[in-house]
Amino acid sequence: MRLLDAEKAHDLAIFTLKHGLHPVDRNDDDALLEVTLWGKRISNPVGLAAGFDKNAEAVDALFAMGFGAVEVGSITPEAQAGNPKPRLFRADDRGTTINRMGLNNDGMHVCGDRIRTRFWRLLATQSQKQGQTVASLAASANRSALGDRLLGINLSKNKASAADSHSDYVAGLNALGPYADYFVINVSCPNVKNIAAASDVAVLEDTVRAVMRARNAMPDYRPPVVLKIGPDNDADQLRLIAQLALDYRVDGIIATNTTRSRPAELAATPVGREDGGLSGPPLRDLALATTRDIYRLTRGRIPIIGCGGITSAEDALAFARAGASFVQIYSSMTLDGPGKVREIKDGLVDLLKGRRWADVVGEDAK
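Let me sum up the structure you'll find in this document. (Residues numbered from 1 in each chain as written. Predicted model: local features only at pLDDT ≥ 70, side-chain atom pairs only at ≥ 80, totals over all residues. Heavy atoms only, no water.)

With respect to the overall build of the protein chain
In terms of regular secondary structure, the protein chain is built from 13 helices and 13 strands. Taken over C-alpha atoms, the radius of gyration comes to 19 Å for the protein chain, in line with the 21 Å a tight globule of 366 residues would show. Counting over 366 residues, the protein chain shows a buried share of 58%. Counting only contacts in the protein chain whose residues sit at least 6 apart along the sequence, the fraction spanning at least 24 positions is 72%. Taken as a whole, the protein chain presents about 15100 Å² of accessible surface, with 51% of it coming from carbon and sulfur. In the protein chain, 45 positive and 44 negative side-chain charges are present, and the distance between their average locations comes to 2 Å. (Helix = DSSP H or I, 4+ residues; strand = E, 2+ residues; numbered from the N terminus. Rg over C-alpha atoms; globule rule 2.2 N^0.38 Å. Buried < 20%, exposed > 50% of the residue type's maximum accessible area, 1.4 Å probe, protein only. Contact = heavy atoms within 4.5 Å. Areas by Shrake-Rupley, 256 points an atom, 1.4 Å probe, with all protein chains shown as cover. Lys, Arg positive; Asp, Glu negative; His and termini not counted. Charge placed at Lys NZ, Arg CZ, Asp CG, Glu CD.)

Dropping the structure here:
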């Protein structure tokens, strides 16, 4: 895989996963790792961040690899090709990637068909085994269709949409929200120019207000709404974001997306000079600081999903102590392989030394 162009390697990984060519984590997760979030149980706190399975093609394979939560997307209402290639770059010696993909995806109609088909197929199989009707199972089932795993759906805006418009998020919520264990409003992608909510608090407030109003108007199932923020906000911006989240009763915050900043040692390299969002270890401290600040500013009242530069159990535990209810990885799995999930879970059990993950969340702020 490392000999291939970065995007071709990614596409090949998705191809092999969706055709069943992947390892399976057959070990039960230790009870110390269990998380309860939004009234739902997760067997472990290690999730997969959005951006890997953009089109919801390999959900079953990713759950089989041991993730406690899988987040698909970002998905936009209409399909779009994204930015010109090349647009994904690796610095393997630093565990770092830079991307300017531009939210390429198949659109909410095609992705929605895949998500819905998978959900009802799995419930039909469970119905036959358990002797319950599909309708009765659907009333209480996780949208992952698995009893101890969560499926997140990450939504963003089409490139052609107005910068201050929130209609794409509302359209995505109405179409895909019924099939999400949690629903992410991605207002922080650094690779598109028309997401004014990333830098304009007034637009962010309008967006959050519209999405929460639409979610609260849903007739039956109402998914938790999670806001994904970037790592480059200053103290005043974070304070305003936290207050908005509290005022509108947002259900969660992902801290963080990728960064446009570059550490000095990377900035002078060929990869570092590429435009786009940086992920991997250089993002860790920014994301960890944002997690800690948001937890403090929201007084621990809003669940936080820690994301950015997590490569080890030590990193994951640091995010928990800073306030993350669970964490997400991406770059470390793509560079180190699918065994990274089990490696982090086993490492966490050793580090917890008999304590529960849930007991250390926010410990640094107490």
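Considerations on the packing of aromatic side chains
How two aromatic rings sit relative to each other is given by the distance of their centres and the angle of their planes. If you walk through the whole model with that rule in mind, you get 5 aromatic pairs. Between Phe-52 and Tyr-330 the ring centres are 5.8 Å apart and the planes differ by 85°, which places this aromatic pair in the edge-to-face class. Linking Phe-52 in the loop between β3 (46-48) and α2 (59-64) with Tyr-330 in the loop between β13 (324-329) and α11 (331-336), this pair joins segments that are 278 residues apart in sequence. When its relative accessible area of 4% is taken as the criterion, Phe-52 is described as buried. By relative accessible area, which is 26% here, Tyr-330 ends up partly exposed. Consider the rings of Phe-119 and Trp-120, whose centres lie 5.0 Å apart with planes at 70°: the pair is edge-to-face. For Trp-120, a relative accessible area of 36% translates into the label partly exposed. In this structure an aromatic cluster arises from ring pairing among Trp-38, Tyr-182 and Phe-326. The aromatic ring of Tyr-221 is capped on one face by Arg-143, whose charged end is 4.1 Å from the ring centroid. (Phe/Tyr/Trp six-rings, centres within 6.5 Å; stacked < 30°, edge-to-face > 60°. Lys NZ or Arg CZ within 6 Å of the ring centre and 35° of its normal.)

Concerning helix α9 (residues 284-297)
Given a rise of 1.5 Å per residue, 14 residues ought to cover 20 Å, and the 20 Å separating the end C-alpha atoms of α9 matches this to within 8%. Considered for burial, the residues of α9 that qualify are Ala-287, Leu-288, Thr-290, Thr-291, Ile-294, Tyr-295 and Leu-297. In the core, the buried residues of α9 are packed alongside β9 (225-229), α7 (235-247), β10 (252-255), β12 (304-307), α10 (313-322) and β13. Downstream of α9 by a residue or two, Arg-299 has a phi angle that is positive, lying close to 60°. (Expected span 1.5 Å × (residues − 1).)

Examining the nonpolar core
Judged by nonpolar contacts, the single largest core of 108 residues is most densely connected at Leu-62, Phe-67, Val-72, Ile-75, Leu-227 and Leu-348. Setting aside anything within four residues of it in sequence, one finds Leu-62 in contact with Leu-17, Leu-48, Phe-52, Asp-53, Phe-67 and Val-70. With 6 residues, the next largest nonpolar core counts Phe-89, Ala-91, Leu-266 and Leu-278 among its residues. (Core = buried A, V, L, I, M, F, W, Y, C linked by side-chain atoms within 4.5 Å.)

Here we look at the sheet that holds strand β6 (residues 96-99)
Strand order across the open sheet formed by 3 strands is β5-β6-β11, with antiparallel pairing between neighbours. Looking at strand neighbours, the two that pair on one side only are β5 (88-91) and β11 (277-279), the edges of this open sheet. Neighbour to neighbour, the strand axes of the sheet diverge by 20° on average, direction disregarded. Pairing between β5 and β6: 4 bridges, direction antiparallel. (Pairing = 2+ DSSP bridges. Axes fitted to C-alpha atoms, helices over the stretch in contact; angles between N-to-C directions.)

Looking at the sheet that holds β13
Pairing in this closed barrel of 8 strands is parallel, and the strands run β3-β4-β7-β8-β9-β10-β12-β13 around the ring. When the angles between neighbouring strand axes are averaged without regard to direction, this sheet yields 25°.

Some details on helix α5 (residues 167-176)
Taken together, the buried positions of α5 are Asp-168, Tyr-169, Val-170, Gly-172, Leu-173 and Leu-176. Looking at the buried residues of α5, the elements they touch are β4 (69-75), α3 (108-130), β7 (150-155), β8 (182-186) and α6 (201-216).

Considering the side chain of Asp-29
Topologically, Asp-29 is positioned in the loop between α1 (6-18) and β1 (35-37). At 2.7 Å, the side chain of Asp-29 and the side chain of Ser-43 are in polar contact. Within the local environment of Asp-29, its side chain forms a polar contact with the side chain of Lys-345, the two groups lying 2.8 Å apart. Sequence-distant contacts of Asp-29, that is, excluding residues within four places in its chain, are made with Ser-43, Asn-44, Arg-149, Arg-342 and Lys-345. (Polar contact = N/O pair within 3.5 Å; in protein donor to acceptor, adjacent residues only side chain to side chain.)

Considering the pairing of β10
Burial of the side chains of β10 extends over both faces: Gly-252 and Ile-254 are buried on one face and Ile-253 and Ala-255 on the other. Of the crossover connections in this fold, the one passing from β9 over α7 to the parallel β10 is right-handed. Note that β10 and β12 share 3 bridges and pair parallel. Its bridge partner lying in β12, Ile-254 is registered against Ile-305. (Right-handed = clockwise from strand over helix to strand, strands pointing away.)

Section: the pattern of salt bridges
Enumeration over the complete set of coordinates arrives at 33 salt bridges. Ionic pairing is found between Asp-60 and Arg-118, a salt bridge with its closest N-O pair at 2.7 Å. Linking Asp-60 in helix α2 with Arg-118 in helix α3, this pair joins segments that are 58 residues apart in sequence. Residue classification places Arg-118 among the buried residues on the basis of a relative accessible area of 7%. When the shortest N-O distance is used, the salt bridge between Asp-92 and Arg-90 registers 3.2 Å. When its relative accessible area of 22% is taken as the criterion, Arg-90 is described as partly exposed. One salt-bridge network, in which partners are shared between bridges, spans Asp-25, Asp-29, Glu-34, Arg-41, Asp-148, Arg-149, Arg-342, Lys-345 and Asp-346. (Salt bridge = Lys/Arg side-chain N within 4 Å of Asp/Glu carboxyl O.)

Honestly, it's all geometry; don't read function into it.
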